[in-house]
Amino acid sequence: MEKVAHEIRTFGDPVLKSRATPVKDFDGSLKQLAEDMMRIMYEAEGAGLAANQIGRLKRIFVAAYENEGELREFVVVNPVIEDRSEAQEKDVEGCLSIPGIGVEVERPLAVILRGQDLLGAPLRVEAEGRLARIFQHEIDHLDGILMLDRTDRESRKNAMREMRERLLAGR
């Protein structure tokens with residue numbers, strides 16, 4: 001099977017504001033998509049990547065998380081957050097689709113994620129801290145929600161100004 005080149009879609013592309021559809025076919029093309037997404041995520045030095053960030057409206061995301069020297073990789077199909085902690089935390093997030101911009105986003109500290117693996121088998125992950133934040137960020141993408149939609153008005157305004165200035169400067 002030939003490798004398909006995918007480009008990370010950036011802010012302003014309508015696919016980023018579109019809701020992804022559930023995956024029904026767990027086949028070779030899904031496996032290839034997951035492999036491509038993992039490669040693209042690593043090449044872009046990201047922690048996660050949702051399918052619509054590369055123009056595919058399928059409910060799948062990949063993530064990589066290193067904790068105490070151990071690298072854990074995740075491919076989650078049809079993800080749903082089953083439960084979230086009441087405790088929340090603000091932290092700065094970045095996004096491969098909004099390069100070079102960081103905004104503060106408040107999110108639950110811990111989540112229970114439910115979904116499926118590449119074969120369609122049930123998957124359940126309890127995550128906290130940075131991993132919980134990555135999962136929530138990627139699921140937001142699959143729902144057409146960007147981190148700019150989750151930050152306060154002033155931060156959003158500053159981020160938009162910075163993006164405009166970069167665009168005008170040709171960076």
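Our structure's up above, just so we're on the same page.
Cut-offs used in this document
Residues numbered from 1 in each chain as written. Predicted model: local features only at pLDDT ≥ 70, side-chain atom pairs only at ≥ 80, totals over all residues. Heavy atoms only, no water. Helix = DSSP H or I, 4+ residues; strand = E, 2+ residues; numbered from the N terminus. Rg over C-alpha atoms; globule rule 2.2 N^0.38 Å. Buried < 20%, exposed > 50% of the residue type's maximum accessible area, 1.4 Å probe, protein only. Contact = heavy atoms within 4.5 Å. Areas by Shrake-Rupley, 256 points an atom, 1.4 Å probe, with all protein chains shown as cover. Lys, Arg positive; Asp, Glu negative; His and termini not counted. Charge placed at Lys NZ, Arg CZ, Asp CG, Glu CD. Polar contact = N/O pair within 3.5 Å; in protein donor to acceptor, adjacent residues only side chain to side chain. Salt bridge = Lys/Arg side-chain N within 4 Å of Asp/Glu carboxyl O. Core = buried A, V, L, I, M, F, W, Y, C linked by side-chain atoms within 4.5 Å. Pairing = 2+ DSSP bridges. Axes fitted to C-alpha atoms, helices over the stretch in contact; angles between N-to-C directions.

(A) Up close: the overall build of the protein chain. If you tally the helices and strands in the protein chain, you get 3 helices and 7 strands. Along the protein chain, helices and strands appear, N-terminal first, in the series α-β-β-β-β-β-β-β-α-α. Against the 2.2 N^0.38 benchmark of 16 Å for 171 residues, the protein chain shows a C-alpha radius of gyration of 16 Å, consistent with a compact globule. The principal-axis extents of the C-alpha atoms in the protein chain amount to approximately 45 × 40 × 30 Å. Split into buried and exposed, the 171 residues of the protein chain put 42% on the buried side. Residue pairs in contact within the protein chain that sit at least 24 positions apart in sequence constitute 65% of those at least 6 positions apart. Summed over all atoms, the accessible surface of the protein chain reaches about 9,600 Å², with 47% contributed by carbon and sulfur. Counting 26 positive and 32 negative side-chain charges, the protein chain places the averaged centre of each group 6 Å from the other.

(B) Fine view of the side chain of arginine 59. Structurally, the position occupied by arginine 59 is in the loop between β1 (48-50) and β2 (60-67). Residue arginine 59 is classed as buried on the basis of its relative accessible area of 9%. Within polar-contact distance, the side chain of arginine 59 engages the backbone oxygen of leucine 142 at 3.1 Å. Among residues more than four places away in sequence, those in contact with arginine 59 are Arg19, Ala20, Thr21, Pro22, Val23, Val76, Val77, Asn78, Pro79, Ile139, Leu142 and Asp143.

(C) A look at the pattern of salt bridges. Evaluation of the coordinates by the stated rule reveals 16 salt bridges. The shortest N-O distance in the salt bridge between lysine 17 and aspartate 149 comes to 2.6 Å. Of this pair, lysine 17 sits in the segment before α1 (28-43) while aspartate 149 sits in the loop between α2 (130-142) and α3 (153-169), and the two are 132 residues apart along the sequence. Across the salt bridge formed by arginine 107 and glutamate 93, the nearest N and O atoms sit 2.6 Å from each other. One end of the pair, arginine 107, is in strand β5 (residues 98-108); the other, glutamate 93, is in strand β4 (residues 88-95), with 14 residues separating them in the sequence. As far as the burial class goes, arginine 107 and glutamate 93 line up, both buried.

(D) Molecular detail of the nonpolar core. The biggest cluster of nonpolar side chains holds 19 residues, and the ones touching the most others in it are Phe61, Phe74, Leu113 and Phe135. When contributions to this core are tallied by element, the ones reaching two or more residues are β2, β3 (70-84), β6 (110-116), β7 (122-128) and α2. With 6 residues, α2 is the largest single contributor of residues to this core. Membership of the second largest hydrophobic core comes to 17 residues, among which are Leu30, Met37, Met41 and Ile54.

(E) Local environment of the sheet that holds β3. Spatially, β1-β2-β3-β6-β7 is the arrangement adopted by the 5 strands of the open sheet, whose pairing is antiparallel. One side of each edge strand has no neighbouring strand; the edge strands of this open sheet are β1 and β7. On average, each strand axis in the sheet is inclined to that of its neighbour by 40°, with strand direction left out of account. Bridge analysis of β1 against β2 gives 3 bridges, and the strand direction is antiparallel. Directly across from leucine 49, in β2, lies its bridge partner valine 62. Its contacts with the sheet place α1 against β1, β2 and β3, and it is angled at close to 45° to β2. Across the face of the sheet, α2 comes into contact with β1, β2, β3, β6 and β7 while running at roughly 165° to β2.

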